[in-house]
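Understanding the architecture of this molecule
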Amino acid sequence: MPVLILVAALITGVLIWLLRAHYTVKQLKEIDQDTKGLQRKAKSAFENIIGTPLQRVNDVRLAAVILMIQIVRTGSPVTASEKTRIFEFMENPLEIQTISATFERAWRYTEERRPFSLVADPLLPLLREKLTIEERMHLVDMLTKVASAHSAPSELQREALVRLKRRLSAGKPELAASRTGNFG
């Protein structure tokens, strides 16, 4: 009989402990959910002050290498033929002197299977400011050749390149109406 009481007390203690742990986890999740907006605002304010690493890139040639690497890392791991094509473009027309060091530096800005637009969008202001329209289209052409170095570009890569081309060629949006009341 004392053994049964001891087992019942042990089971009751474990159940109480599990219920308290569950309640604590539930409360922590609610607190985390309640502060999500504050967490996003804090991150956004921090990034507004110093920018993301990609927004701090100020070399157009490095930006081009980053985009070439990311376009192939978007779909699959980088193959030897894709890497060779990137090195060829780094040598000519980009004329980069320290090819391997620049490649390693650019590699750190990329991430496997990351959407291409998440890398390209922060670099767009730099590319628009420093490149002519002709150079922008040449960049898109280089990216297309890198994406097709191993095999035909995937649907994801083609869509990313079309989006980049559209966003690079787009100028500043013009308003149909001015603030002076001219609506025509």
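Going by an unreviewed UniProt entry, the chain carries the name TerB family tellurite resistance protein and comes from Methylorubrum podarium.

What follows covers the nonpolar core. Note that soluble globular proteins tend to have their nonpolar side chains buried in a common cluster. Within the largest apolar cluster, 38 residues are counted, with the highest numbers of intra-cluster contacts made by L67, M68, I71, L123, L127, L139 and L143. Among the secondary structure elements, those contributing two or more residues to this core are α3 (60–73), α4 (80–91), α5 (99–107), α6 (116–130), α7 (133–147) and α8 (155–169). By residue number, the principal contributor to this core is α3, which donates eleven residues. Look past the residues within four positions of L123 in its chain and what remains in contact with it is L54, V57, A63, I66 and L67.

Glancing now at the packing of α3 against α7. Closest axis-to-axis distance for the α3/α7 pair is 9 Å, and the angle between their directions is 35°. Crossing of α3 against α7: the hand is right-handed. Judged by residue contacts, A64, L67, M68, I71 and V72 of α3 engage L139, M142, L143, V146 and A147 from α7.

Here the focus is unusual backbone geometry. Residue N92 is joined to P93 through a cis peptide bond whose omega torsion reads 25°. Looking at where P93 falls in the secondary structure, it is placed in the loop between α4 and α5. Unlike most non-glycine residues, E95 shows phi in positive territory, near 55°. Residue position: E95 is located in the loop between α4 and α5.

Looking at the chain, the pLDDT average stands at 85 and 83% of residues meet or exceed 70. Across residues 173–178, where pLDDT falls below 50, the model places five contacts with residues more than four positions away in sequence or in other chains.

Attention shifts here to the packing of aromatic side chains. Applying the stated criterion to the full structure yields two aromatic pairs. With 5.9 Å between their ring centres and 35° between their planes, F103 and W107 make a pair best called tilted. Of this pair, F103 and W107 both sit in helix α5, separated by four residues, roughly a single helical turn. Accessibility expressed as a relative area gives 4% for F103, which makes it buried.

Inspection of the secondary structure puts R128 in helix α6. Using a relative accessible area of 32% as the deciding quantity, one classes R128 as partly exposed. In sequence terms R128 and L168 are 40 residues apart; their C-alpha atoms lie 6.5 Å from each other. Discounting chain neighbours no more than four positions away, the residues touching R128 are R136, R167, L168 and A170. Within polar-contact distance, the side chain of R128 engages the backbone oxygen of R167 at 2.7 Å.

What counts and how
Position numbers for residues start from 1 in each chain and track the written sequence from start to end. Residues qualify for local features only when their pLDDT is at least 70, as the model is predicted, and side-chain atom pairs are given and counted only at 80 or more; totals for whole chains, interfaces and linings, by contrast, use all residues. Each side-chain value is worked out from all heavy atoms of the structure, with water and hydrogens disregarded. Definition used in this section: a nonpolar core is a set of buried Ala, Val, Leu, Ile, Met, Phe, Trp, Tyr and Cys residues joined via side-chain atoms within 4.5 Å. When a residue's accessible area, from a 1.4 Å probe over protein chains only, is under 20% of the maximum for its type it is buried; when over 50% it is exposed; and in between it is partly exposed. Labels follow the DSSP assignment, with helices taken as runs of H or I lasting at least four residues and strands as runs of E lasting at least two, numbered in each case from the N terminus. When checking whether two residues touch, look at their non-hydrogen atoms; a contact exists if any pair is within 4.5 Å. Geometry is summarised by axes, namely lines fitted to C-alpha atoms with helices restricted to the contacting stretch, and by angles between N-to-C directions that run from 0 to 180 degrees. Handedness of each helix crossing follows the sense of rotation of the near helix against the far helix: counterclockwise by less than a right angle gives left-handed, clockwise gives right-handed. Values of pLDDT, the confidence the predictor places in each residue, fall between 0 and 100. Ring geometry is summarised as follows: Phe, Tyr and Trp rings, the Trp one being its six-membered ring, pair when their centres sit within 6.5 Å, and such pairs are stacked at plane angles under 30 degrees, edge-to-face over 60 and tilted between the two. Definition of a polar contact: a pair of N or O atoms within 3.5 Å, with one able to donate and the other able to accept a hydrogen when the atoms are protein atoms, and with sequence-neighbouring residues admitted only if both atoms are side-chain atoms.

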